[in-house]
Amino acid sequence: MRIGDFRASYRHDEALFATPVQRLWFALFVLGLLLFPWLGGSYLTYLACLTGIHVVAATGLNIITGYAGLISLGHAAFMGVGCYMMAALASLGVPFWLALPAAGAASAAVGVFVGLPSLRIKGLYLAVATLAAQFLLGFVFREWDAGTGGVRGVNVPAASLGGIVLSDDARIYYLIMACAVALALAARNLFRTRIGRAFIAIRDKDISAEVLGIDLFRTKLLAFAIGSFYAGVAGALMGYFFRAITPEHFGLALSIFYLAAIIVGGLGTLLGTVLGAAFMTLVPEALRGGVALLSAWWPNAMALLSPVREMVFGALIIAFLVYEPHGLVEAWRRVRRFFHLWPFKT
Amino acid sequence: MTRRRSIVQSAAGLAGLSALGVPLATALAQEGDLVIGAAPPITGVFAFAGVSLDQGLGDYCSWRNESKGGVMGRRLRYVSEDSGYKMDQAMAVFKKLMAAHKPPAFYGDSTAWAKAAAAEVSQLGSTITCSPSYSSDLADPAKAPYYFMAGPTYAAMIQILLEYINRISKAGKPNIAIVYSDTEFGRDPIPAAKAHLAKLGLNLVQEIVTKPGSVDVSAEVAKLRRAKPDYVIFHGYVLAPIPEFIRQMREAGMGATTFMGTIWSMDKSTADAMGATGDGWMGVMPYRYSHDHKDAPMMGVMRDYAQKKRQIAYVNTFYTHGWLVGMIFSEVLERTLKARKPLNGPNMKAALESITDWDTGGICGLLVSLKGHQIPSGRIYRYDAASKLFEPASGWIRTA
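Novice: Could you give me a rundown of the overall build of chain B, with the residues and numbers involved?
Specialist: Helices and strands together make up the secondary structure of chain B, namely 14 helices and 11 strands. Seen through its principal axes, chain B has C-alpha atoms that stretch 65 × 65 × 40 Å.

Printed below as a string of structure tokens:
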């Protein structure tokens, strides 16, 4: 039971890891990430890579939507911009440590352009504007044969570091996790700064924020830029991971996927982003594994239960939102509070 | 609070149980089994095909075990999980089954999967693969050495249609229109189709692209009316919007126009759904239909087994495709084992390419050669709305 948590200074209060226990847990988490490919095997490593990519992308969307309050339905398209930019640079021999930030920058530029209507419109109207961007960029991905390969897509050469080619899941895992951890910490840091607090102020009451001296237009564009940067990096990581990309990867369904991830995880929280991305990636796999388990005794289980699996997944999302409207992060906070206050009741 | 906690605990328990699936399945395996893995689309947009594909491939494995004791005395074990027609899920299934069972043969769900898995399959060098995709990109043994397709490429299918049109057209060169979907599936064969059209001297009078499941095609029909094609070739669709195109064109007085499609729009269920509009609907099929088993003993065996095991009244083309893929997998495994070579990618590739003049028991009308990793032959069928069956309209045509 934690008796007290005394913050003696502003710096201490703002610290990312305020207590030695938090620092220890984070160190153990990083150690676990480092050892995971050896312990988890190829299948679980694949799922971890996918989750890492989704965490990066969902963090970007949480910055735009969760923190700045700007609904975006074009997040998958921003990922596509980043992915195709990375593919073009990689084919020219540009190393990943240059291609990844360049991909993010390209997406950020597109995100700023898409965010221009946010000066005039907000809420659902802005959502429709970003939806238009999703369709426009999807059209470009499909039709611009010279740039994107059209519907056939592009093959992406494997990333390499020195002489090590990151051609299998265990190797690319470290790149993905390094990016995910670094960008998550950067996002966490962002909301200790004036810019992050400006995003939150705009979300809560943009008129009051403007009265306080926050430049609304510039701040909203900055939110789109930073969130789209994250999406571009996630798209580039997806390209390095799958190595064969088609426009169908970046459809509206993926944008909705990320929106669901940040809502289920908890809007406006970084931990919620991670939990939501993990939930949306791993729960369908767990449900499919359950059906596969039943198939050992009931041969027709897959044909009969697979459609039910989709309904169960949807029902789980609804159940979480009904019983825990603040998302998975609130459930996590409740668990933490229990252990902090044990043996006293919460 | 208590009720909520119990719901969360139950969900966590169920998720934990499902994690047992992989080690338990492995424990149930029999030593020496030849595992055929698959990630068919049991749910998703192609579920109607995926369920039958899964059944066809699984039933072939069962039939082979019951009738021939498997392959070289080793039983075939079919392990499949739903891909939902999503590439990341298909890849997850692929990696899961590869880790748990190391199958020497794997059946994917789409072109996207085949392309994404190609690098890893080449790197692993342990598995021969197939999928429902007939994309030309995958028919290159140099780029996809461990992939084969149980039929001709989409480009070759349209070539078969054009060859047929060219053969039956007596008075002058007919006018052709091509209507295809705005997907990779739809666009794949178009450049080759246009080149073949030019080679045969046929006239391409209109080229139309639509969304895969379009509802309103009146503008496109207007273009076709102005172009007055003798033949309209559809590709990249399963059903919609083909019936709407045909209906509107018939109503516009274009009764003489012949409508044609490729493999995935040639199932009986698709034509039945067209109703009276489907009468005269033609297309290319690499296989016989299950009702056409007179000179095709394996078609009869397949049909009887499906009826016995699943009480299926009519065996569709997707089931036939799955069954044929099972036959090819088994033939490759058998040839490799007979040559006393280990079951790895290069050996199985060599075995695949050694399959020439192979009798599929009538499923394919011609003797099959898989040297080019595809079966480049097919036949034109015409749908008769009265009998609700497809009848042959040509002999078997080989493209390469």
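Having seen the structure, we can now continue with the description.
Novice: I'd like a description of the overall build of chain A, backed by residues and values.
Specialist: What chain A contains, in helices and strands, is 14 helices and 4 strands. In chain A, which comprises 346 residues, the share counted as buried stands at 46%. Summarising the internal contacts of chain A: among those between residues at least 6 apart in sequence, 74% fall at separations of at least 24.

Novice: Describe the pairing of strand S10 (residues 377-384) of chain B, with residues and values.
Specialist: Across a regular strand the side chains alternate sides, sitting on one face of the sheet and then on the other. All names here are of chain B. Most of S10 is tucked away: 6 of the 8 residues are buried. One ladder, built from 4 bridges, connects strand S9 (residues 282-285) with S10; its direction is antiparallel. Bridge pairing in S10 places Gly283 opposite Tyr381. Connecting S10 to the antiparallel partner strand S11 (residues 389-398) that follows it, the hairpin turn spans 4 residues, and Lys388 within it adopts a positive phi of roughly 60°.

Novice: Quick rundown of the sheet that holds strand S8 (residues 258-261) of chain B? Include the residues and the values.
Specialist: What holds strands together in a sheet is hydrogen bonding between their backbones, with the strands either parallel or antiparallel. Residue and element names in this part refer to chain B. Spatial strand order, S6-S5-S7-S8-S9-S10-S11: 7 strands in an open sheet with mixed pairing. In the strand order of this sheet, the two ends are held by strand S6 (203-210) and S11, each with one partner. On average, each strand axis in the sheet is tilted by 25° relative to the strand beside it, whichever way the strands run. As paired strands, S8 and S9 are joined by 2 bridges and run parallel to one another. Looking across to S9, one finds that Gly261 is bridged to Gly283. The strands touched by helix H6 (residues 154-168) within the sheet are strand S5 (175-181), strand S7 (231-235), S8, S9, S10 and S11, with S7 carrying the most contacts at an inclination of about 165°. The strands touched by helix H8 (residues 190-200) are S5 and S6; relative to S5, the strand with the most contacts, the crossing angle is about 175°.

Novice: Pulling in residues and values, what's your account of the packing of helix H2 (residues 20-67) of chain A against helix H12 (residues 270-295) of chain A?
Specialist: All names here are of chain A. The interhelical angle for the contact between H2 and H12, taken along N-to-C directions, is 140°, at an axis separation of 8 Å. One finds that H2 runs oblique with respect to H12. As H2 packs across H12, the resulting crossing turns out to be right-handed. From H2, Leu47, Leu50, Thr51, His54, Val55, Ala58, Thr59 and Asn62 reach across to H12, where they touch Leu270, Thr273, Val274, Gly276, Ala277, Ala278, Met280, Thr281, Leu282 and Glu285. Here the residues of the contact of H2 with H12 sort into 10 nonpolar, 7 polar and 1 charged.

Novice: Explain the confidence of the model for chain B to me, and be specific about the residues and the numbers.
Specialist: Residues and elements named next belong to chain B. Here chain B averages 88 in pLDDT, while 92% of its residues score no lower than 70. Ranking the helices and strands of chain B by mean pLDDT puts strand S3 (residues 105-107) first, with 97, and helix H2 (residues 21-28) last, with 42. Of the regions scoring below 50 in pLDDT, residues 14-30 engages in 27 contacts with residues more than four places distant in sequence or in other chains. Of the two predicted TM-score estimates for the complex, the pTM is 0.83 and the ipTM is 0.76.

Novice: Tell me about the nonpolar core, residues and numbers included.
Specialist: Inside soluble globular proteins, nonpolar side chains tend to come together where they are buried. Val56, Ile176, Val233 and Leu237 of chain A are the most contacted members of the largest nonpolar core, which has 214 residues in total. Here this core gathers at least three residues from each of two domains, domain 1 (31-152 + 296-369) and domain 2 (154-285 + 379-398) of chain B. Not counting residues up to four positions away in its chain, the partners in contact with Val56 of chain A are Cys179, Ala180, Leu183, Tyr230, Val233, Ala234 and Leu237 of chain A. In terms of nonpolar packing, the next biggest core, distinct from the first, is built from 8 residues, Leu287, Val291 and Ala303 of chain A together with Val51 of chain B among them.

Novice: Quick rundown of the domain arrangement of chain B? Include the residues and the values.
Specialist: Residue and element names in this part refer to chain B. Split into domains, chain B comes out as domain 1 (31-152 + 296-369) and domain 2 (154-285 + 379-398). Placing the centre of domain 1 and that of domain 2 at their C-alpha centroids yields a distance of 29 Å. Between domain 1 and domain 2, the residue contacts involve 12 residues of the former and 18 residues of the latter. Residue composition of the side of domain 1 that touches domain 2, grouped by class: 5 nonpolar, 7 polar and no charged.

Novice: Got a sec to walk through the sheet that holds strand S4 (residues 128-130) of chain B? Specific residues and values, please.
Specialist: Residue and element names in this part refer to chain B. The 4 strands lie next to each other as S2-S1-S3-S4, forming an open sheet whose pairing is parallel. Looking at which strands have only one partner, the edges of the open sheet turn out to be strand S2 (76-80) and S4. Mean inter-strand twist for the sheet, computed between neighbouring axes without regard to direction, equals 20°. With 5 bridges joining them, strand S1 (residues 34-38) and S2 adopt parallel strand pairing.

Novice: An account of H6 of chain B is requested, with residue identities and associated values reported.
Specialist: For H6 of chain B, with 15 residues, the first-to-last C-alpha span of 21 Å sits near the 21 Å given by 1.5 Å per residue. For H6 of chain B, every residue scored as buried is listed here: Tyr154, Ala155, Ala156, Met157, Ile158, Gln159, Ile160, Leu161, Leu162, Tyr164 and Ile165 of chain B.

Novice: I'd like to hear about the packing of helix H4 (residues 87-101) of chain B against helix H5 (residues 111-124) of chain B, residue by residue, with values.
Specialist: Residues and elements named next belong to chain B. It is the contact of H4 with H5, at a shortest axis distance of 9 Å, that shows an interaxial angle of 50°. By the angle between their directions, the pair H4 and H5 is classed as oblique. Considering how the two elements wind past one another, H4 and H5 form a crossing that is right-handed. Here Met87, Ala90, Met91 and Phe94 of H4 come into contact with H5, specifically with Ala112, Trp113, Ala116 and Ala117. Classifying every residue of the contact of H4 with H5 by side-chain character gives 8 nonpolar, no polar and no charged.

Novice: Before we move on, can you summarise the environment of His235 of chain B with the specific residues and values?
Specialist: Residue and element names in this part refer to chain B. Note that His235 resides in strand S7. Take His235: there are 27 C-beta atoms within 10 Å of it, and that puts it in the buried class. Residues His235 and Ile355 lie 120 residues apart in sequence; the distance between their C-alpha atoms is 29 Å. The contact partners of His235, leaving out residues within four places of it in the chain, are Tyr154, Ile158, Tyr180, Gly186, Pro189, Gly261 and Thr262.

Novice: Account for the pairing of S11 of chain B, with residues named and values stated.
Specialist: Pairing between S10 of chain B and S11 of chain B: 7 bridges, direction antiparallel. Across the sheet, Gly378 of chain B pairs through a bridge with Ile397 of chain B, a residue of S11 of chain B.

Novice: Any chance you could break down unusual backbone geometry for me, citing the residues and the numbers?
Specialist: Residues and elements named next belong to chain B. For Tyr85, which is not glycine, the phi dihedral falls at a positive 55°. Mapped onto the elements of the fold, Tyr85 is located in the loop between S2 and H4. Although it is not a glycine, His373 adopts a positive phi angle of roughly 65°.

Novice: So what's going on with helix H12 (residues 297-310) of chain B? Which residues, and what values?
Specialist: Residues and elements named next belong to chain B. Its 14 residues give H12 an end-to-end C-alpha distance of 20 Å, which sits within 8% of 20 Å, the value for a rise of 1.5 Å per residue. If you check which residues of H12 are buried, you get Met299, Met302, Arg303 and Ala306. Summarising the axial view, the buried residues of H12 lie within an arc of 95°, below the 170-degree limit, and thus occupy one face. Buried residues along H12 sit in contact with helix H3 (47-68) and helix H13 (317-338). Downstream of H12 by a residue or two, Gln311 has a phi angle that is positive, lying close to 55°.

What counts as what
- Residues numbered from 1 in each chain as written.
- Chains lettered and ligands numbered in written order.
- Predicted model: local features only at pLDDT ≥ 70, side-chain atom pairs only at ≥ 80, totals over all residues.
- Helix = DSSP H or I, 4+ residues; strand = E, 2+ residues; numbered from the N terminus.
- Buried ≥ 20, exposed ≤ 12 C-beta atoms within 10 Å, placed from the backbone.
- Contact = placed C-beta atoms within 7 Å.
- Pairing = 2+ DSSP bridges.
- Axes fitted to C-alpha atoms, helices over the stretch in contact; angles between N-to-C directions.
- Parallel < 35°, antiparallel > 145°, perpendicular 65-115°, else oblique.
- Left-handed = near helix turned anticlockwise from the far one by under 90°.
- Nonpolar A, V, L, I, M, F, W, Y, C, P; charged D, E, K, R; others polar.
- pLDDT = per-residue confidence, 0-100.
- Core = buried A, V, L, I, M, F, W, Y, C linked by C-beta atoms within 7 Å.
- Domains from an automatic or database assignment.
- Expected span 1.5 Å × (residues − 1).
- Arc of directions from axis to C-beta.

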